[in-house]
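Below are the chains, spelled out letter by letter.
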Amino acid sequence: MALWPGDGRGTVLVLPGRTEYIEKYGPVVSEILTRRFAAAIIDWRGQGLSERPLRGVSIGHVDDFGEYQRDLAAFLAAPGVASLPGPRAILAHSMGGCIGIRALSEGLDVAASIFSAPMWGVVLPAPERMSQLAIRTAARIGLRRRFARDTSATTYVLTTDLEENTLTADRGAFARFQSEARAMPELTLGGPSYGWLAAAHREFDAIRKRPAPSGPILTFLGSEEAVVLPGPIRRESARQPNAQLVDLDGARHEVLLETPHIRAAVWAQIDTFLNTHMGG
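Residues numbered from 1 in each chain as written. Predicted model: local features only at pLDDT ≥ 70, side-chain atom pairs only at ≥ 80, totals over all residues. Heavy atoms only, no water.

A. Spotlight on the overall build of the chain. Across its full length, the chain carries 9 helices and 7 strands. Here the C-alpha radius of gyration of the chain, 18 Å, is about what a compact globule of 280 residues would show, namely 19 Å. C-alpha extents for the chain along the principal axes are approximately 55 × 40 × 40 Å. Taking the contacts inside the chain whose residues are at least 6 apart along the sequence as the reference set, 78% of them involve residues at least 24 apart. Carbon and sulfur atoms make up 53% of the accessible area of the chain, which totals about 12100 Å². In the chain, which carries 30 positive and 30 negative side-chain charges, the distance between the mean positions of the two groups comes to 6 Å. (Helix = DSSP H or I, 4+ residues; strand = E, 2+ residues; numbered from the N terminus. Rg over C-alpha atoms; globule rule 2.2 N^0.38 Å. Contact = heavy atoms within 4.5 Å. Areas by Shrake-Rupley, 256 points an atom, 1.4 Å probe, with all protein chains shown as cover. Lys, Arg positive; Asp, Glu negative; His and termini not counted. Charge placed at Lys NZ, Arg CZ, Asp CG, Glu CD.)

Put into structure tokens, the structure is as follows:
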């Protein structure tokens, strides 16, 4: 984990997505600190410089998403994080949004929650029912810790180019992703395992069955989203009693690391939201 003290206004807890690492969030943390908040961020198990569950294999794997809840609990209980000032907000991207919404439904006490392209469903290469059947079957027949179909140990940003990538249209941001992956391969992660995908789908089912969090929520969704499913984001936002869903024209998955005009729109919305719920 990494911590940055603020000026006493409060704390933003950053919950990253799958494959991500603390260093990637330098620009986001800079925005948080500029607004006088403290910041704290975690490398989930198997990601960044946290311990990898399958040694020597760059695969994203957990047996159950409850493992990430244990990571979050350890993060929040760490003395450095526990001593950061309140009020608190979470800023959760992609898989971090899946982890964050469960934590909220189980009583995580924060003043406000921000979700960036939350992973409440994922885009799969085949129709959803067919894909889920294939994932469950692969997990049952002993392929639980193998790379899912059409994925490999090579991290995504080194397998595509700026025009084709699903993350960001910002040339500088994408070039930074690639240079970090080449310079620090130990931070990166390849594709998910069949076991991870099976666990993710169990978690999506559980999200739909849990009561919707009642606290203030701000969610961003790009019009060019192609990593997570927009449908579940819209459905979950509609049933959250105190939620605002912001559609971002032209944005891909990484709305916090998009082109300058999209980033400016995102942070303007965040400023209004945090001023309302955490004080100006």
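B. Summary view of the pattern of salt bridges. This model, assessed by the stated rule, comprises 16 salt bridges. Where glutamate 67 meets arginine 45, a salt bridge forms, and the shortest distance between an N and an O atom there is 3.4 Å. Here glutamate 67, found in helix α2 (residues 66-77), pairs with arginine 45, found in the loop between β3 (38-41) and α2; they are 22 residues apart in sequence, far enough to count as distant. Taking the relative accessible area as the measure of exposure, arginine 45 reaches 26% and is therefore partly exposed. Members of the salt-bridge network, linked through shared partners, are Arg102, Glu106, Glu203 and Arg210. (Salt bridge = Lys/Arg side-chain N within 4 Å of Asp/Glu carboxyl O. Buried < 20%, exposed > 50% of the residue type's maximum accessible area, 1.4 Å probe, protein only.)

C. Fine view of the nonpolar core. Within the largest apolar cluster, 45 residues are counted, with the highest numbers of intra-cluster contacts made by Phe65, Met119 and Trp196. Of all the elements in the fold, those that place two or more residues in this core are β2 (11-15), β3, α2, β4 (88-93), α4 (95-105), α5 (128-143), α7 (194-209) and β6 (217-222). A total of 8 residues in this core trace back to one element, the largest contributor, which is α7. Discounting residues that sit within four places of it in the chain, methionine 119 has contacts with Phe65, Ser94, Met95, Cys98, Trp196, Phe204 and Val228. Residues Val14, Ala39, Leu257 and Trp267 belong to the second largest nonpolar core, which totals 37 residues. (Core = buried A, V, L, I, M, F, W, Y, C linked by side-chain atoms within 4.5 Å.)

D. Fine view of the side chain of arginine 252. Its place among the elements puts arginine 252 in the loop between β7 (243-248) and α9 (260-278). From its side chain, arginine 252 meets the backbone oxygen of leucine 162 in a polar contact 3.1 Å long. Engagement of the side chain of arginine 252 in a polar contact is seen with the backbone oxygen of threonine 168, the distance being 3.4 Å. Once residues within four sequence positions are removed from consideration, arginine 252 is found in contact with Leu162, Glu163, Asn165, Thr166, Leu167, Thr168, Ala169, Gly222, Glu224, Glu225 and Glu258. (Polar contact = N/O pair within 3.5 Å; in protein donor to acceptor, adjacent residues only side chain to side chain.)

E. Expanded view of α9. Look at α9: 25 Å from first C-alpha to last across 19 residues, which is about the 27 Å you get at 1.5 Å a residue. Turning to α9, its buried residues number three or more, namely Ile262, Val266, Trp267, Ile270, Phe273, Leu274 and Met278. In a view along the axis of α9, the buried residues occupy a sector of 125°, so they form one face of it. Of the exposed residues in α9, the ones pointing more than 90 degrees away from its buried face are His261, Thr272 and Thr276. (Expected span 1.5 Å × (residues − 1). Arc of directions from axis to C-beta.)

F. Spotlight on the sheet that holds β7. Spatial strand order, β1-β3-β2-β4-β5-β6-β7: 7 strands in an open sheet with mixed pairing. Among the strands making up the open sheet, the edge pair consists of β1 (2-4) and β7. The mean angle between the axes of side-by-side strands here comes to 15°, regardless of whether they run parallel or antiparallel. Sheet topology places strand β5 (residues 112-116) next to β6; 4 bridges connect them, and they run parallel. Bridge pairing links phenylalanine 115 to threonine 219 in β6. Against the sheet, helix α1 (residues 26-34) contacts β1, β2, β3 and β4, and its axis sits at roughly 155° relative to β3. (Pairing = 2+ DSSP bridges. Axes fitted to C-alpha atoms, helices over the stretch in contact; angles between N-to-C directions.)

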